[in-house]
Every structure is written in C-alpha cells, then in structure tokens.
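Chain by chain, the residues run as shown.
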Amino acid sequence: MPLIEVTLAEGRTPVQLRTLISALTHAAAEAADAPVDSRRVVIREVALRQWDAGVVTIAVKRGAPDPRAGT
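In this text, all values refer to a predicted model and were calculated from it rather than measured experimentally.

K.L.:
What exactly am I supposed to notice about the environment of Val-36 here?
P.N.:
For Val-36, the position within the fold is in the loop between helix H1 (14-31) and strand E2 (40-46). When its relative accessible area of 37% is taken as the criterion, Val-36 is described as partly exposed. Each C-alpha atom of the pair Val-36 and Arg-12 lies 24 Å from the other, and the pair is 24 residues apart in sequence. Contacts of Val-36, omitting those with residues within four sequence positions, involve Thr-25, His-26 and Ala-29.

Listed below in structure tokens is the structure:
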C-alpha cells in the first residue's frame, strides 16, 4: 500500500487539493503498479508564518509584518 505524504504551504482551495490527491493517486497506480484503492495520500498544510524560505517566512515574503522588526 503506497503512502504519499505531501507538505504544502497553506492557501490552496479544496478543489486544488482534491485535484492534487487525484493526480498523485493515479501516478502511484501507474508508476508503482498499485491499485488505486490501495494507496493513501496525506496532505499537511503549514501556516505561512511557520515555513521559512531563505531567511524569512513565506508570510513575510508575501507582505506580512516581520516579527523581528521590533527587536
């Protein structure tokens, strides 16, 4: 039973997430010769303020106040 784990920055719509799950399911079925009903997909969404991209969080890169600015 393939288990596919994906971590994404938050912000996708439910439709986008379902589309991703479907695409991953079919890719695993094809590439790993795994029946569609045997695979599992887990998606974790991480808050933008908890995901670092370089030296600042994604939230700050997208315009949120930098909490370090007051120190």
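K.L.:
Just to check I follow, could you spell out the pairing of E2 for this structure?
P.N.:
Along any regular strand the residues' side chains alternate between the sheet's two faces. As paired elements, strand E1 (residues 3-9) and E2 share seven bridges and run parallel to each other. Bridging across to E2, Ile-4 finds its partner in Val-41.

K.L.:
Explain the environment of Pro-67 to me, please; I cannot follow it from the model alone.
P.N.:
Relative to the helices and strands, Pro-67 resides in the segment after helix H2 (58-61). In this structure, the C-alpha to C-alpha distance between Pro-67 and Ile-43, residues 24 residues apart in sequence, is 28 Å.

What counts and how
- Residues numbered from 1 in each chain as written.
- Predicted model: local features only at pLDDT ≥ 70, side-chain atom pairs only at ≥ 80, totals over all residues.
- Heavy atoms only, no water.
- Helix = DSSP H or I, 4+ residues; strand = E, 2+ residues; numbered from the N terminus.
- Buried < 20%, exposed > 50% of the residue type's maximum accessible area, 1.4 Å probe, protein only.
- Contact = heavy atoms within 4.5 Å.
- Pairing = 2+ DSSP bridges.

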